[in-house]
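# Topology and contacts: notes
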Amino acid sequence: NAGVTQTPKFRILKIGQSMTLQCTQDMNHNYMYWYRQDPGMGLKLIYYSVGAGITDKGEVPNGYNVSRSTTEDFPLRLELAAPSQTSVYFCASSYEQRAYEQYFGPGTRLTVT
Amino acid sequence: KNEVEQSPQNLTAQEGEFITINCSYSVGISALHWLQQHPGGGIVSLFMLSSGKKKHGRLIATINIQEKHSSLHITASHPRDSAVYICAVHNAGGTSYGKLTFGQGTILTVHP
């Protein structure tokens, strides 16, 4: 099993550009999450999904969109990138939402200039 | 005040030393996680616990639910233990049910 994979690993965007961060898991997990990690701060939840076709906002959803058309894939879309979106983004998945281990992808380091 | 507080924020040790990282939380939880993040690397789960103590190799995690406190201990520390250690809790109720809330992380550096 590859676990949770993310692409790309690094990306530089200009202000106003858009991009999609890809996330795929092969563990047949229903629950998937997108987090951002800023220096000196704990990870913050952007969006999560409890299954194909179902998504919901986390703590910091502004400027992002998600979709979940399959169990495996959970892409994160940035529209009109802003410098405040410079961060490291982690995708994660778990078998169930509560009290189960979350498996993290390797992260995507995004810089918006 | 953050719901999950870790201390210390930075920790430097000599190889072989016994290390303790603390985590205090202010919400009701169903479980607590300790995670490890190496520089430039991804995040790996070390422990998930809801009571008592767990041990894996040189790592020991304890939790006191009444005091809302957990500790991660590393015995006989080694330079390869250098990483960021993150405490995260599963909220037990309300609108945040089941979601993880993260501490800021503790940066550990172990010198040979």
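See above for the structure.
Keep in mind the model is a prediction, meaning the values are calculated, not measured.

### Considerations on the interface of chain A and chain B
At the junction of the two partners, chain A supplies 18 residues and chain B supplies 19 residues. Both sides together, the interface formed by chain A and chain B hides about 1,500 Å², and carbon and sulfur atoms give 61% of it. Counting across the chain A and chain B interface gives zero salt bridges. Mapped onto the side of chain A that touches chain B, the elements with two or more residues apiece are strand 4 (31-37) and strand 5 (44-51) of chain A. Of the residues contributing to the side of chain A that touches chain B, the split by class is ten nonpolar, six polar and two charged.

### Observations concerning the sheet that holds strand 8 (residues 76-78) of chain A
Residues and elements named next belong to chain A. Spatial strand order, 1-3-8-7: four strands in an open sheet with antiparallel pairing. On the outer flanks of this sheet lie strand 1 (4-7) and strand 7 (64-66), each paired with one strand and no other. Averaged over neighbouring strand pairs, the angle between their axes works out to 20° when direction is ignored. Strand direction decides the pairing type here: strand 3 (residues 19-25) and strand 8, joined by three bridges, are antiparallel. Its bridge partner lying in strand 8, Leu21 is registered against Leu76.

### Section: the layout of surface pockets
The computed volume of the largest pocket comes to approximately 660 Å³. What lines the largest pocket is a set of 29 residues, among which Gln37(A), Pro39(A), Val88(A), Arg109(A) and Gln37(B) lie closest to the centre. For the lining of the largest pocket, the element with the highest residue contribution is strand 11 (residues 108-112) of chain A, accounting for four residues. The residue makeup of the lining of the largest pocket, split by class, is ten nonpolar, 16 polar and three charged. Lys44(A), Glu59(A), Glu3(B), Thr101(B) and Phe102(B) are, among the 17 residues lining the second largest pocket, the residues nearest its centre. Looking at the lining of the second largest pocket element by element, the count peaks at three residues for strand 10 (residues 100-102) of chain B. Partitioning the lining of the second largest pocket into residue classes produces six nonpolar, seven polar and four charged.

### Brief notes about the packing of aromatic side chains
Under the counting rule described, the total for this entry stands at four aromatic pairs over all chains. Aromatic rings pair up to connect Tyr33(A), Tyr35(A), Phe104(A) and Phe102(B) into one cluster. We note Arg68(A) situated over the ring of Phe74(A); from NZ or CZ to the ring centre the distance is 5.9 Å.

### Regarding the pattern of salt bridges
A side chain with one charge can pair with a side chain of the opposite charge if their charged atoms come near. One pass over the structure, following the stated rule, counts three salt bridges over all chains. Between Glu79(A) and Arg77(A) there is a salt bridge, with the nearest N and O atoms lying 3.1 Å from each other. Using a relative accessible area of 31% as the deciding quantity, one classes Arg77(A) as partly exposed. Put simply, Asp81(B) and Arg58(B) hold a salt bridge, and the shortest N to O gap is 2.9 Å. Highlighted residues: Asp81(B) in the loop between strand 8 (69-74) and strand 9 (83-91) and Arg58(B) in the loop between strand 6 (52-56) and strand 7 (59-64), separated in sequence by 23 residues. Judged by relative accessible area, Asp81(B) falls into the buried class, the value being 6%.

Calculation rules
Residues numbered from 1 in each chain as written. Chains lettered and ligands numbered in written order. Predicted model: local features only at pLDDT ≥ 70, side-chain atom pairs only at ≥ 80, totals over all residues. Heavy atoms only, no water. Contact = heavy atoms within 4.5 Å. Buried area = accessible area lost by both parts, 1.4 Å probe. Salt bridge = Lys/Arg side-chain N within 4 Å of Asp/Glu carboxyl O. Helix = DSSP H or I, 4+ residues; strand = E, 2+ residues; numbered from the N terminus. Nonpolar A, V, L, I, M, F, W, Y, C, P; charged D, E, K, R; others polar. Pairing = 2+ DSSP bridges. Axes fitted to C-alpha atoms, helices over the stretch in contact; angles between N-to-C directions. 1 Å grid on protein atoms, 1.4 Å probe; cavity = no way out; pocket = protein on both sides within 12 Å on 5 of 7 lines; lining within 4 Å. Points joined across faces, edges and corners; volume = space filled by probe spheres on them. Phe/Tyr/Trp six-rings, centres within 6.5 Å; stacked < 30°, edge-to-face > 60°. Lys NZ or Arg CZ within 6 Å of the ring centre and 35° of its normal. Buried < 20%, exposed > 50% of the residue type's maximum accessible area, 1.4 Å probe, protein only.

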